[in-house]
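A look at the structure
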Amino acid sequence: MQLRAQGLNAHLAQGLRPVYTLYGDEPLQMQEAADAIRAAARAAGYTERQVFTVSGNHFDWSSLLGAAQEMSLFASRQLIEIRIPSGKPGKDGSVALQRYCELLNPDVLTLVQLPRLDRQQQQSAWFVALDGAGASLRIDPVERRELPAWIARRMAAHRQRVAPGEEGERTLAFFADRVEGNLLAAHQEVEKLALLYPEGELGFEQVEQAVLNVARYDVFKLSEAVLAGQATRTLRMLQGLRAEGEAAVLVHWTLAEDIRALKRGRDALSQGKPLPMALREARAWGPRERLFERALPRVTDAQLTAWLQAARICDGLVKGLKHPEWPSEPWDGLQKLALMVMQGLR
């Protein structure tokens, strides 16, 4: 049974399932979801707790199976937590987890915590067994476009809000820019606002004075910003990546790979292939699929040829070579390449 993060509390209020499996790489939301399940378990009488962390290939799975079947010495019900930081229980672990789900003890509630899983892992026998025995919850990162609304909901929990209309949108956008890619810091900044100011409406100046610049930037999110034509965000991310010490060669590879992917997709369209097939040729899926769907019909063969040539020049810049028509600083060259692509996709 798959659950959505937004529906977890409503689900728990209706009753508990024997097994809950959380998987994802967003620490704050993973912690909050786990805490909500623990609180519901305590309220339902699961007062004893055991934690098993699977690390390496020498974990004693028999101890886990035994613990789940033993009667508690101190409480009638217990919560067992199984943490698998690698997301790979191994062959023995796969068998043990399937066996565990077959022998569920009605007096035991199980919470399994995993990192982000790929599609193959989600289709593995052990994960299917866990999901079938209870409920699984995928914890996805909060994307930049969703962040202002997320911040507004968190503020509302403290009975605080921004001004209505354009001013409020500007305030939330400013807040989101300062904390992008760092959800834990975003949560902390919301908590700080609640301590600094009383309940009610907060103006832009109050938020501006209180919220620190704690954004962290992801080079692959930079790619999405470029393909979406978000010039201001792209420039801010390039500056942030540079300040964080990101390797210029990785940023160049990401931009160049996008150009090559666009070329493959454009070639497919030129051969008469339908857009869905062209997207597969470009290997565009997930959030990138929508961006490529917008970009491919707009870009021309001449533009792609120019961008590929520019990417080759940038490759030389990040390796220490100079070009008479390009900036000598690699990061300035990367900015020029990104702006060139964005202008062509308008």
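What counts, and at which threshold
- Residues numbered from 1 in each chain as written.
- Predicted model: local features only at pLDDT ≥ 70, side-chain atom pairs only at ≥ 80, totals over all residues.
- Heavy atoms only, no water.
- Helix = DSSP H or I, 4+ residues; strand = E, 2+ residues; numbered from the N terminus.
- Buried < 20%, exposed > 50% of the residue type's maximum accessible area, 1.4 Å probe, protein only.
- Contact = heavy atoms within 4.5 Å.
- Areas by Shrake-Rupley, 256 points an atom, 1.4 Å probe, with all protein chains shown as cover.
- Lys, Arg positive; Asp, Glu negative; His and termini not counted.
- Charge placed at Lys NZ, Arg CZ, Asp CG, Glu CD.
- 1 Å grid on protein atoms, 1.4 Å probe; cavity = no way out; pocket = protein on both sides within 12 Å on 5 of 7 lines; lining within 4 Å.
- Points joined across faces, edges and corners; volume = space filled by probe spheres on them.
- Nonpolar A, V, L, I, M, F, W, Y, C, P; charged D, E, K, R; others polar.
- Axes fitted to C-alpha atoms, helices over the stretch in contact; angles between N-to-C directions.
- Parallel < 35°, antiparallel > 145°, perpendicular 65-115°, else oblique.
- Left-handed = near helix turned anticlockwise from the far one by under 90°.

Observations regarding the overall build of the protein chain
Along the protein chain, the regular secondary structure elements total 17 helices and eight strands. Taking the principal axes of the C-alpha coordinates as reference, the protein chain spans close to 80 × 55 × 40 Å. Expressed as a percentage of its 346 residues, the buried residues of the protein chain come to 46%. A fraction of 74% describes how many contacts in the protein chain between residues 6 or more apart in sequence connect residues 24 or more apart. Just so you have it, the protein chain exposes about 18100 Å², and 51% of that area is on carbon and sulfur atoms. One finds the centroid of the 43 positive side-chain charges in the protein chain at a distance of 4 Å from the centroid of its 42 negative side-chain charges.

Looking at empty space enclosed by the protein
Tallied over the full model, the rule gives two cavities of 30 Å³ or more. Put simply, the largest cavity is a space of about 50 Å³. Looking at the largest cavity, the residues that line it are V226, L227, L255, D258, I259, L262, A338 and V341. Those elements giving two or more residues to the lining of the largest cavity turn out to be α11 (219–227), α13 (248–270) and α17 (330–344). Counting residues per element, the lining of the largest cavity draws most heavily on α13, which supplies four residues. Residue composition of the lining of the largest cavity, grouped by class: seven nonpolar, no polar and one charged.

A look at the packing of α11 against helix α12 (residues 231–243)
Running from amino to carboxyl end, α11 crosses α12 at an angle of 160°, the nearest separation of the two axes being 9 Å. Of the possible angle classes, the one that applies to α11 and α12 is roughly antiparallel. Crossing of α11 against α12: the hand is left-handed. Taking contact as the criterion, the partners of V219, K221, L222, A225 and V226 in α11 are, on α12, R233, T234, M237, L238 and L241. Taken together, the residues that form the contact of α11 with α12 break down as seven nonpolar, one polar and two charged.

From the geometry alone we can't say anything about function, so treat these as descriptive.
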